[in-house]
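Close look at the chain arrangement
This is what each chain is made of:
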Amino acid sequence: MTSRFERAVYPVLLGAIPFGVIVVFWWLAPRMFEYPAYMLPTTAEVLKRLGELIQSGELLGSVLSSLGRLLGAFVIGNLIAIPLGILLAMNARVSRVVMPVAIFLQAVAGIAWAPLAVVWFGIGNVAVTFLVVNSVFFSSLYNTISGVQSIPLVLWRAMRSMGATQPTLIRELIIPGAMVQLLLGLRTSMALGWRSLVAAELIIGTNGIGFLMMDATKWYGTDTVICGIIIIGILWLAFDRFAFEPIERLTVRRWGLLSNH
Amino acid sequence: MNRLLRAKADIQAKRVDAGPGTRWMTPIWRRLESVGGFIVVIAVWQLAQQASGLPSTLFPSSLDALHALVDLYQVGILYEYTLLSLSHYLLGLGLGAGIGLALGLLISSNRRVSDILMPLVNFTYAIVEVAWIPLLILWWGYSPATIVVAVAYVVASPLVHNIVTGVRSIPPVYIRAVRALGGDRRVVLTEVILPAIVPSLFNGLRVGAGFGFRALIFSEMISQSEGIGYLIFTSAASQQTARTVAGMIVMGALWLFLDRMYLRPLERMSTYRWGLSSEAEK
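What you are looking at is a predicted structure, and each value in this text was computed from that prediction instead of being measured.

**Some thoughts on the packing of helix H8 (residues 172–180) of chain B against helix H9 (residues 185–223) of chain B**
Residues and elements named next belong to chain B. Where H8 contacts H9, the two axes come as close as 10 Å, and the packing angle between them is 135°. The pairing of H8 with H9 is recorded here as oblique in orientation. The handedness of the crossing between H8 and H9 comes out as right-handed. For the pair H8 and H9, contact is made by Tyr174, Ile175, Val178 and Arg179 and by Arg185, Val187, Val188 and Val192, respectively. Class assignment for the residues of the contact of H8 with H9 results in six nonpolar, no polar and two charged.

**What about the interface of chain A and chain B?**
If you look at the interface, chain A gives 69 residues, while chain B gives 68 residues. Buried surface at the junction of chain A and chain B, summed over both partners, amounts to about 6,400 Å²; 76% is from carbon and sulfur atoms. Run the count over chain A and chain B and you get zero salt bridges. Those elements that provide at least two residues to the side of chain A that touches chain B are helix H1 (4–32), helix H4 (92–108), helix H5 (114–121), helix H6 (125–149), helix H7 (153–161), helix H9 (179–204), helix H10 (209–218) and helix H11 (222–253) of chain A. Top element by residues in the side of chain A that touches chain B is H11 of chain A. It accounts for 13 residues. Of the residues that constitute the side of chain A that touches chain B, the class distribution is 51 nonpolar, eleven polar and seven charged.

**Some words on unusual backbone geometry**
Here Tyr220 of chain A, not a glycine, exhibits a phi torsion of approximately 55°, which is positive. If you trace the backbone, Tyr220 of chain A turns up in the loop between H10 and H11. At Gln239 of chain B, a position not held by glycine, the phi torsion is positive, near 65°.

**Considerations on the packing of H9 of chain B against helix H10 (residues 228–237) of chain B**
Packed helices, taken two at a time, are described by the angle their axes make and the gap between the axes. Residues and elements named next belong to chain B. Packing of H9 against H10 leaves a shortest axis separation of 7 Å and a crossing angle of 50°. With respect to H10, the axis of H9 lies oblique. Pair H9 / H10 crosses with right-handed handedness. Residues Ile217, Glu220 and Met221 of H9 form the contact with H10, whose participating residues are Ile228, Gly229, Tyr230, Ile232 and Phe233. The residue inventory of the contact of H9 with H10, partitioned by class, reads six nonpolar, one polar and one charged.

**Quick notes on the nonpolar core**
In terms of nonpolar packing, the biggest core is built from 91 residues, with Ile111, Trp194 and Ile203 of chain A together with Tyr89, Phe213 and Phe218 of chain B touching the most fellow members. The contact partners of Ile111 of chain A, leaving out residues within four places of it in the chain, are Leu131, Ser196, Ala199, Ala200 and Ile203 of chain A together with Arg214, Phe218 and Met221 of chain B. Counting 22 residues, the second-largest nonpolar core is a separate cluster that includes Val98, Met99, Phe137 and Ile174 of chain A.

Calculation rules
Note on numbering: residues in each chain are counted from 1, in written sequence order. Chains carry letters from A onward and ligands carry numbers from 1 onward, assigned in written order. With pLDDT at 70 or above as the cut-off, local features in this predicted model cover only qualifying residues; side-chain atom pairs require 80 or more to be listed or tallied, and sums for whole chains, interfaces and linings still use all residues. For side-chain calculations, the full set of non-hydrogen atoms in the structure is used, while hydrogens and water are omitted. To get an axis, a line is fitted to the C-alpha atoms, and for a helix only the part in contact is used. The angle between two axes follows their N-to-C directions and goes from 0 to 180 degrees. The helix count covers DSSP runs of H or I at least four residues long, the strand count covers runs of E at least two residues long, and both are numbered beginning at the N terminus. Convention used here: angles under 35 degrees read as roughly parallel, angles over 145 as roughly antiparallel, angles from 65 to 115 as roughly perpendicular, and any remaining angle as oblique. By definition, any crossing whose near helix is turned counterclockwise from its far helix by less than a right angle is left-handed, and any crossing with a clockwise turn is right-handed. Any two residues whose heavy atoms approach within 4.5 Å are treated as being in contact. Residue type decides the class: Asp, Glu, Lys and Arg count as charged, Ala, Val, Leu, Ile, Met, Phe, Trp, Tyr, Cys and Pro as nonpolar, and the leftover types, Gly among them, as polar. When two components associate, each loses some accessible surface as probed by a 1.4 Å sphere; the sum of these losses over both components is called the buried area. Any Lys or Arg side-chain nitrogen found within 4 Å of a carboxyl oxygen on Asp or Glu counts as a salt bridge. Definition used in this section: a nonpolar core is a set of buried Ala, Val, Leu, Ile, Met, Phe, Trp, Tyr and Cys residues joined via side-chain atoms within 4.5 Å. Relative accessibility under 20% of the residue-type maximum defines a buried residue, over 50% an exposed one, and the middle range a partly exposed one, all with a 1.4 Å probe and only protein chains included.

Okay, structure coming up:
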């Protein structure tokens, strides 16, 4: 019989093993292989660098400016894309015409616009934000349209024949009917936006976590780059745990949109 | 995420296709309809360019882009770079899919092993691939190797994640039943695990292929050696903005081609053959 305490602690300990193995291997690596010191700094160096970055406030500043930009772009992009997507998709003909274009633009959205963004806005935060809004917008638009399209035609006809007006249709049919896809769209657009953000900061940024890393490569600052990679992983895990899981629980599961899970 | 995707598949399986109101349309008319959107976009683009009066270096018109496209084709750059991009992508995709599949099956082959490795898998999945690029550049320099490794990583990481979560979601009863009826580990693998993870496998592959394509363009831009991404990036730097737009169009067309020709048929084939998108789940 295992106690509740053991059941809570055991998986954590078990899951910590591979991280421990990596750290030990990393710690032993300089003794086992020959390579230039800049390629893989020691664990101590990386920790020291992390301490420096935290103490100087550089890390916090970069993370906050990145997150602020991401959230702003996420809100703006979705606020435009979701209503527009619903309006476009309400007419079957219009949505058939728009869909191929939406697919195409969604495929080129984001980082491919980087050179144009630089030409238009110059290197810096405006160009970065433009790229993130761009990728959030197109991904969300595509998901909204295909979400509305996936609502069975029978339901439309039923509501129309009972005399539902457009606002009622939106409230009672489209929003609940497309909810799964809308949420999936929010999540996908966040994932894509986050990728574009890091990518854009790497090539055309002037501050933020991506810029911190790319700037470091110029001075062979592998320790800073590794710190950045770890921070980026932790940030995304936090997003997932504290933002998306609760939303998913509150909406999809409660409304019974998921079948037998 | 997987639950959401499954719910979406459920909904789409029940989707009712074009109603009787559209039956009179000929297929040709349908095709024109899907091209219509592009024609509108191009017309608006052309008008906006003329109305704005901005120079072509800042806002190239659709004609400029077309000229650039023809020019790139005649010089031979277009063909060469498309081929290079495609080969980076396919190499990375193959490498990533192979490694991802092997690693995923290995991790999920044993409950204990997957308990141990799951947090690590989740963590690497959370690190966006572009974050590795500065490190790859430090290790391999600005070279095609960086591009291929970046694409392979992007493809492998969601694949491993999906396979492991797919295997974990198999009700243990099925495995026990097969074991009780005398099946050994190999039978469990071929009769229970492999069929059960097909949807998550293709899902992972699709997600990975999409993100991989972005990673391809981005790492080509940043590693500054060759390919469509490089073309897009350097053209803008040298004031040839029309070439940038032409490159973006080629990139979009390339992705649509890959998506239509390979990914969707593959997905459809696999899910239909295994009867996964039918009512079997109910």
